[in-house]
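Structural description and commentary
Spelled out, the chains give:
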Amino acid sequence: MNEITVQELKEKLDKGEDFQLIDVREDFEYETSNLGGQLIPLGGILIEADKISKDKPVVVMCRSGKRSAAAIMQLQQLGYTNLSNLQGGILAWAAEVDPTLNVY
């Protein structure tokens, strides 16, 4: 499974690179703190797979990296090959990039 660090994600965001950020946490988690990605909770990832690009890089994130890894495994069964898991999730982002971010 491809992985990306929070530092690499920050570089992509800072450069304005063309990629899709998918957040697989639940609504209440997303409302607490998010990085502006598209919210598709893990439970609905296969139902809403048509919202996920196959034509450009996709970074999948969650709180710690476990749910996003599970989402990637499910999506790979549908033929996705352009997915990267955000190592450490939003917890790593808060620890390494933005300590003012609310985490839970």
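The structure we're discussing is the one just above.
This is a predicted model, so every value here is computed, not measured. (Residues numbered from 1 in each chain as written. Predicted model: local features only at pLDDT ≥ 70, side-chain atom pairs only at ≥ 80, totals over all residues. Heavy atoms only, no water.)

1. A closer look at the environment of Lys51
Selection rule: A run of DSSP states H or I qualifies as a helix once it reaches four residues; a run of E qualifies as a strand once it reaches two. Both are numbered from the N-terminal end. Each residue gets one of three labels from its accessible area relative to the maximum for its type: buried under 20%, exposed over 50%, partly exposed in between, using a 1.4 Å probe on protein chains only. A contact between two residues is defined here by any heavy atoms of the two lying within 4.5 Å. We define a polar contact as two N or O atoms separated by no more than 3.5 Å, with the added condition that, inside protein, one atom must be a possible hydrogen donor and the other a possible acceptor, whereas residues neighbouring each other in sequence contribute only through side-chain atom pairs.
With respect to the helices and strands, Lys51 occurs in the loop between strand S3 (38-39) and strand S4 (58-61). Residue classification places Lys51 among the partly exposed residues on the basis of a relative accessible area of 43%. Each residue touching Lys51, except ones within four places of it in the same chain, is listed here: Gln20, Gln38 and Ile40. Polar contacts involving the side chain of Lys51 include one to the side chain of Glu48, which spans 2.5 Å.

2. A word on the side chain of Arg25
With respect to the helices and strands, the residue Arg25 is situated in the loop between strand S2 (20-23) and helix H2 (27-32). Side chain to side chain, Arg25 and Tyr104 meet in a polar contact 3.0 Å long. Excluding anything up to four places from it in sequence, Arg25 contacts Tyr30, Ser33, Asn34, Leu39, Pro41, Met61, Cys62, Arg63, Arg67, Ile90 and Tyr104.

3. So, the packing of helix H1 (residues 6-15) against helix H4 (residues 89-96)
Quick note on the threshold: In this analysis an axis means a line fitted to C-alpha atoms, helices contributing only their contacting stretch, and an angle means the value between N-to-C directions, from 0 to 180 degrees. Between 65 and 115 degrees an angle is taken as roughly perpendicular, under 35 as roughly parallel, over 145 as roughly antiparallel, and anywhere else as oblique. Think of it as three bins: nonpolar holds Ala, Val, Leu, Ile, Met, Phe, Trp, Tyr, Cys and Pro, charged holds Asp, Glu, Lys and Arg, and polar takes everything else, Gly as well.
Direction vectors running N to C along H1 and H4 enclose 80 degrees, while the axes themselves pass 9 Å from each other. For the element pair H1 / H4, the angle class is roughly perpendicular. Where H1 approaches H4, its residues Val6, Gln7, Leu9, Lys10 and Leu13 are matched on the opposing element by Gly89, Ala92, Trp93 and Glu96. Here the residues of the contact of H1 with H4 are counted per class, giving 5 nonpolar, 2 polar and 2 charged.

4. Comments concerning the sheet that holds S4
Stated precisely, the cut-off is as follows: Note on pairing: DSSP must find at least two bridges between two strands before they are called paired.
Across the sheet, 5 strands lie side by side as S1-S5-S4-S2-S3; this open sheet has parallel pairing. Since the sheet does not close on itself, it has two edges, and those belong to strand S1 (3-4) and S3, each with one partner. Judged from the 2 bridges that link them, S2 and S3 form a sheet pairing that is parallel. Paired with Ile22 across the bridge in S3 is Gln38. Contacting S4 and strand S5 (83-86), helix H3 (residues 66-76) runs over the sheet at an angle of about 165 degrees to S5.

5. Details of the pattern of salt bridges
A side chain with one charge may pair with a side chain of the opposite charge, provided their charged atoms come close. Just so we agree on the cut-off: Salt bridges, as used here, are contacts in which a Lys or Arg side-chain nitrogen is within 4 Å of a carboxyl oxygen on Asp or Glu.
The full count for this structure, using the stated rule, is 6 salt bridges. Here Asp18 and Lys56 are joined by a salt bridge, their closest N and O atoms 3.2 Å apart. With Asp18 in the loop between H1 and S2 and Lys56 in the loop between S3 and S4, this residue pair connects regions lying 38 residues apart in the sequence. Here Arg67 makes a salt bridge to Glu29, at a shortest N to O gap of 2.9 Å.

6. Comments concerning the nonpolar core
Note the threshold: Note on terminology: a nonpolar core comprises buried Ala, Val, Leu, Ile, Met, Phe, Trp, Tyr and Cys residues joined through side-chain atoms within 4.5 Å.
Counting residues in hydrophobic clusters, the biggest one holds 15 residues, and the most contacted among them are Ile22, Val24, Ile45, Ile52, Val60, Leu75 and Leu83. Counting residues per element, the ones that place at least two in this core are S4 and H3. It is H3 that contributes the most residues to this core, 3 residues altogether. Setting aside anything within four residues of it in sequence, one finds Leu83 in contact with Asn2, Ile52, Val58, Val60, Ile72 and Leu75. Listed in part, the 14 residues of the second largest apolar core include Leu9, Phe19, Leu35 and Leu101.

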